[in-house]
Amino acid sequence: MIAIVDYGAGNLNSVKKAFDYLGAEVAVTGQPELAAAADKIVLPGVGHFSSLRTLNSTGLRQALLQSASAGKPFLGICLGMQWLFEGSEECTEIAGAAIFPGKCRQFPSSVKSPHVGWNSLEIQEGSLLLREVAQDSFVYYTHSFHAPIVSAMTGASEYGLRFAGAVEQDNIFGVQFHPEKSGDVGLSILKNFCEV
Amino acid sequence: MLTKRIIACLDMDAGRVVKGVQFKNLRDAGNPAECAAAHARNGADEIVLLDITATSGNRGTMLHAVRSTAHSLFVPFTVGGGIRQLDDAAAVFDAGADKIAINSAAVRDPELISRIAGRFGSQAVVVAIDAKRIDRSFEVFIAGGRVPTGRDATQWAQEAAASGAGEIMLTSMDRDGTQCGFDCELVRAVAEAISIPVIASGGAGSARDFVEVFRDGRADAALAASIFHFGIENIAQLKRELHDASIPVRWPC
């Protein structure tokens, strides 16, 4: 069973619907015990980095970190990927999981913010999550802050600068874009996660 | 590279997609779920569903259409029409929309923008602006274009952005339904004044119109309804032409 973590930020319907479409067994939950009991975890999220505060106040943070360190496949989407880093300039008092180094930052003022729309993804070889996804496939983004380039980066996009669109390290996966809104490309990425 | 978005808009009346010229002589253009899926297959980057009747009596019909359209649609999906308060927006999100579009209600109560953005995120809030040329400026109209507000379109777009709107959907009332090209002057004035994306609407008739609104109007996305129905302009063909004109588009997709 895949747990989609509900921490009160935004709308989780699209993520659940995409997994349902793929025939995966999913449950949306905000309870740490249920999240801990799942085989795989998806941490979605839209909006402000401060909404991640709820993870700390509900005990979800500990449950998620334990599952991740126990080797369970973990997918962070958008804000959920940003949480995997040390933190974000958007809200400096909330600590991320620090599984990946560095902080999320704003886009340079040379480009409009937020970054909204379909951008091409430059894919590094060897990614499990992006397995068989064509080089320079288009994926749908909507965000104002971006994750830094790290050695675990498996996909990059350009918008005023080059930034991490996807990261992967052992059982931990993160995507800044929305696979649930990225058409057939996105569905194939979620299918890869189901099969990890 | 970030691409320019082509958005297919479905106008809905009593649960059916309709198309007419300036809301007259409405013709049935099909079931919203089937139309949306067909447009997505054909290369539409997003789908917008606008309930043009939007009376409180047909909320159930509208939500049912949203639910069935969202069910197997995996591109961004925006719903507008009749959203007057936070609860209306919540019901539409619950039925499967990714974004809501608000127009008159936002003009009457700009704090509605921040209330919805505060709960669902700015990326989920599209403020739709209907603007009409009055002398040398562009005035905002509400209530389906019937009521002038005395407000300047650019100033209202700036205020909406400051209140937490994620995108502006800007319709030229002068061009709407005419198929004689987008109003690039209007689009550019607004696009250069705000830092959030602008979706140009009203007047799409040919691939050349899209090239112009992206190049001269500085639009981030362009929306059309009538030309995408009844096969007048095929989205896949349109994208090939944009690609040939060096406009970055999601093609092939």
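Going by the structure above, here's the rest.
Every value quoted in this text rests on a predicted model; they were computed, and no experiment measured them.

(A) Summary view of the sheet that holds strand E6 (residues 103-106) of chain A. Residues and elements named next belong to chain A. Strand order in the open sheet formed by three strands is E5-E6-E9, and the pairing between neighbours is mixed. The open sheet has two free edges, formed respectively by strand E5 (87-88) and strand E9 (145-146), since each of these has just one partner strand. Pairing of E5 with E6 involves two bridges; the strand directions are parallel. Across the sheet, the residue bridging to Gly87 is Lys103, located in E6.

(B) Main features of the sheet that holds strand E12 (residues 172-175) of chain A. All names here are of chain A. Strand order across the open sheet formed by nine strands is E2-E1-E3-E4-E12-E11-E10-E7-E8, with mixed pairing between neighbours. Strands at the two margins of the open sheet, each flanked by one partner only, are strand E2 (26-29) and strand E8 (137-143). Strand-to-strand twist of the sheet, defined as the mean angle between neighbouring strand axes without regard to direction, takes the value 25°. As judged from the five bridges shared by strand E10 (residues 153-158) and strand E11 (residues 162-169), these two strands associate in the antiparallel manner. Across the sheet, Glu158 pairs through a bridge with Arg162, a residue of E11.

(C) Structural detail: helix H8 (residues 207-215) of chain B. Buried within H8(B) are the following residues: Ala207(B), Asp209(B), Phe210(B), Val211(B), Val213(B) and Phe214(B). Elements in contact with the buried residues of H8(B): strand E1 (5-13), helix H7 (184-193), strand E11 (198-201), strand E12 (221-224) and helix H9 (235-244) of chain B.

(D) A look at the packing of H8(B) against H9(B). All names here are of chain B. Look at H8 against H9: their axes get within 9 Å of each other, and the N-to-C directions meet at 50°. Taken together, the axes of H8 and H9 are oblique relative to one another. Crossing angle aside, the handedness with which H8 passes H9 is right-handed. Of H9, the residues touching H8 (which contributes Ala207, Phe210, Val211 and Phe214) are Leu238, Glu241 and Leu242. Within the contact of H8 with H9, the residues separate by chemical class into six nonpolar, no polar and one charged.

(E) Quick peek at the interface of chain A and chain B. Taken together, the contact pairs 28 residues of chain A with 36 residues of chain B. Between chain A and chain B the total buried area reaches about 2400 Å² when both faces are included, carbon and sulfur atoms providing 57% of it. Linking chain A with chain B are two salt bridges. Of the charged contacts in the structure, one is a salt bridge between Lys112(A) and Asp220(B), with a shortest N-O distance of 3.2 Å. Taken together, chain A and chain B are joined by 19 residue pairs in polar contact (both at pLDDT 80 or more). Elements with a contribution of two residues or more to the side of chain A that touches chain B: helix H1 (13-21), strand E7 (115-123), E8 and helix H6 (183-195) of chain A. Of the residues assigned to the side of chain A that touches chain B, the class counts are ten nonpolar, 13 polar and five charged.

(F) Here's a closer look at the packing of aromatic side chains. Considering all chains together, one arrives at eleven aromatic pairs over all chains under this definition. Between Tyr141(A) and Phe177(A), the ring centres sit 5.8 Å apart and the planes meet at 85°, which makes this aromatic pair edge-to-face. Separated by 36 residues along the polypeptide, Tyr141(A) in strand E8 and Phe177(A) in the loop between E12 and H6 bring together distant segments of the chain. Phe177(A) carries the same exposure label as Tyr141(A), and that label is buried. Seen from their ring centres, Phe182(B) and Phe210(B) are 5.3 Å apart, and the 80° between their planes marks the pair as edge-to-face. In this pair, Phe182(B) is assigned in the loop between strand E10 (167-172) and H7 and Phe210(B) in helix H8, connecting sequence segments 28 residues apart. Phe182(B) sits in the buried class, given a relative accessible area of 4%. Classification of Phe210(B) by relative accessible area gives buried; the value is 0%. Ring-pair connections join several aromatic residues into one group, and the members of that group are Phe107(A), Tyr141(A), Tyr159(A), Phe163(A) and Phe177(A).

Definitions and limits used
- Residues numbered from 1 in each chain as written.
- Chains lettered and ligands numbered in written order.
- Predicted model: local features only at pLDDT ≥ 70, side-chain atom pairs only at ≥ 80, totals over all residues.
- Heavy atoms only, no water.
- Pairing = 2+ DSSP bridges.
- Helix = DSSP H or I, 4+ residues; strand = E, 2+ residues; numbered from the N terminus.
- Axes fitted to C-alpha atoms, helices over the stretch in contact; angles between N-to-C directions.
- Buried < 20%, exposed > 50% of the residue type's maximum accessible area, 1.4 Å probe, protein only.
- Contact = heavy atoms within 4.5 Å.
- Parallel < 35°, antiparallel > 145°, perpendicular 65-115°, else oblique.
- Left-handed = near helix turned anticlockwise from the far one by under 90°.
- Nonpolar A, V, L, I, M, F, W, Y, C, P; charged D, E, K, R; others polar.
- Buried area = accessible area lost by both parts, 1.4 Å probe.
- Salt bridge = Lys/Arg side-chain N within 4 Å of Asp/Glu carboxyl O.
- Polar contact = N/O pair within 3.5 Å; in protein donor to acceptor, adjacent residues only side chain to side chain.
- Phe/Tyr/Trp six-rings, centres within 6.5 Å; stacked < 30°, edge-to-face > 60°.

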